[in-house]
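Report on the structure
Listed below are the residues making up each chain.
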Amino acid sequence: LRVGASVFAVGNPFGLDHTLTQGVISGLGREVRSPTGRPITNVIQTDAAINPGNSGGPLLDSQGRLIGMNTAIYSPSGASSGVGFAIPVDTLSTVVKALVDDGRVRRPVLGITFLGGQQAKALGIDAGVLVLAAPADGPAA
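Residues numbered from 1 in each chain as written. Predicted model: local features only at pLDDT ≥ 70, side-chain atom pairs only at ≥ 80, totals over all residues. Heavy atoms only, no water.

A short note on the overall build of the chain
- Looking only at helices and strands, one finds 2 helices and 8 strands in the chain.
- Taken from N to C terminus, the helices and strands of the chain fall in the order β-β-β-β-β-β-α-β-α-β.
- Expressed along its principal axes, the backbone C-alpha trace of the chain runs to roughly 50 × 40 × 30 Å.
- The buried share of the chain, reckoned over its 141 residues, is 26%.
- Sequence-distant contacts in the chain: of pairs separated by 6 or more residues, those separated by 24 or more amount to 39%.
- Averaging the locations of the 10 positively and 9 negatively charged side chains of the chain gives two centres separated by 3 Å. (Helix = DSSP H or I, 4+ residues; strand = E, 2+ residues; numbered from the N terminus. Buried < 20%, exposed > 50% of the residue type's maximum accessible area, 1.4 Å probe, protein only. Contact = heavy atoms within 4.5 Å. Lys, Arg positive; Asp, Glu negative; His and termini not counted. Charge placed at Lys NZ, Arg CZ, Asp CG, Glu CD.)

Points about the pattern of salt bridges
- This model, assessed by the stated rule, comprises 3 salt bridges.
- Glu 31 serves as the salt-bridge partner of Arg 33, at 4.0 Å between the closest nitrogen and oxygen.
- Note that Asp 101 and Lys 97 form a salt bridge whose closest N and O atoms lie 2.4 Å from each other. Of the two residues, Asp 101 and Lys 97 both sit in helix α1 (residues 89–102), 4 residues apart, roughly one turn of that helix.
- When its relative accessible area of 52% is taken as the criterion, Lys 97 is described as exposed. (Salt bridge = Lys/Arg side-chain N within 4 Å of Asp/Glu carboxyl O.)

A short note on the nonpolar core
- Among the nonpolar cores identified, the biggest contains 10 residues, and these are Ala 5, Val 7, Ala 9, Ile 25, Ile 44, Ala 48, Ile 50, Leu 59, Ile 67 and Ala 86.
- In this structure, Ala 48 is in contact with Val 7, Ala 9, Thr 21, Gln 22 and Gly 23, ignoring residues within four places of it in sequence. (Core = buried A, V, L, I, M, F, W, Y, C linked by side-chain atoms within 4.5 Å.)

Some points on α1
- Under the 1.5 Å per step criterion, the end-to-end length of α1 is 20 Å for 14 residues, consistent within 8% with the ideal 20 Å.
- Once α1 ends, the next one or two residues include Gly 103, with phi positive near 80°. (Expected span 1.5 Å × (residues − 1).)

Regarding unusual backbone geometry
- With a phi close to 60°, His 18 is a non-glycine residue in the positive phi region.
- Here His 18 is to be found in the loop between β1 (6–11) and β2 (19–33).
- Not every positive phi belongs to a glycine, and Asn 42 is a case in point at roughly 60°.
- By the secondary structure assignment, Asn 42 is in strand β3 (residues 39–46).
- By relative accessible area, Asn 42 is classed as partly exposed at 45%.

Details of the confidence of the model for the chain
- Averaged over the chain, the pLDDT score is 86; the fraction of residues at 70 or greater is 97%.
- For the chain, helix α2 (residues 117–122) is the element with the lowest average pLDDT, namely 80, and strand β4 (residues 58–61) is the one with the highest, namely 95. (pLDDT = per-residue confidence, 0-100.)

Some thoughts on the sheet that holds β3
- The antiparallel closed barrel is built from 6 strands, whose spatial order is β1-β2-β3-β6-β5-β4. Put simply, the sheet's adjacent strands are angled 50° from each other on average, direction ignored.
- Examined bridge by bridge, β1 and β2 share 6 bridges and lie antiparallel to one another. The residue bridging Ala 9 from the neighbouring strand is Thr 21, located in β2.
- Sheet strands touched by α1: β5 (66–73) and β6 (84–88). Its angle to β6, the strand with the most contacts, is close to 55°. (Pairing = 2+ DSSP bridges. Axes fitted to C-alpha atoms, helices over the stretch in contact; angles between N-to-C directions.)

This is how it looks when you write it as structure tokens:
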């Protein structure tokens, strides 16, 4: 995958089935938050129109190969604003295998709260991580 490559988003936006939109990959390795606040890392950013109802649909490359699953949009209005996100197919394969094999996905956690990158830089911290908390009953205790 590369920024600038053509992509196609297939979905069912606003109940309009069999919809295809075209765009380009506009970013790689992005991070977005799920509705529950959990980070979704390493997502593909695209300007292909992804609207409510497209989630779960495929994101295809110009050869028709599956490269991701349409997942989210960034939009103050709730409609496509040219910033959509898809989970890469490699991540999907890992998650699906875990669901089939174990019935759930296990994710590692550090169990700490830390200061974010921009905030740390503002305090003059250029390397490492400033740990703010490690709960006594957590994995980092």
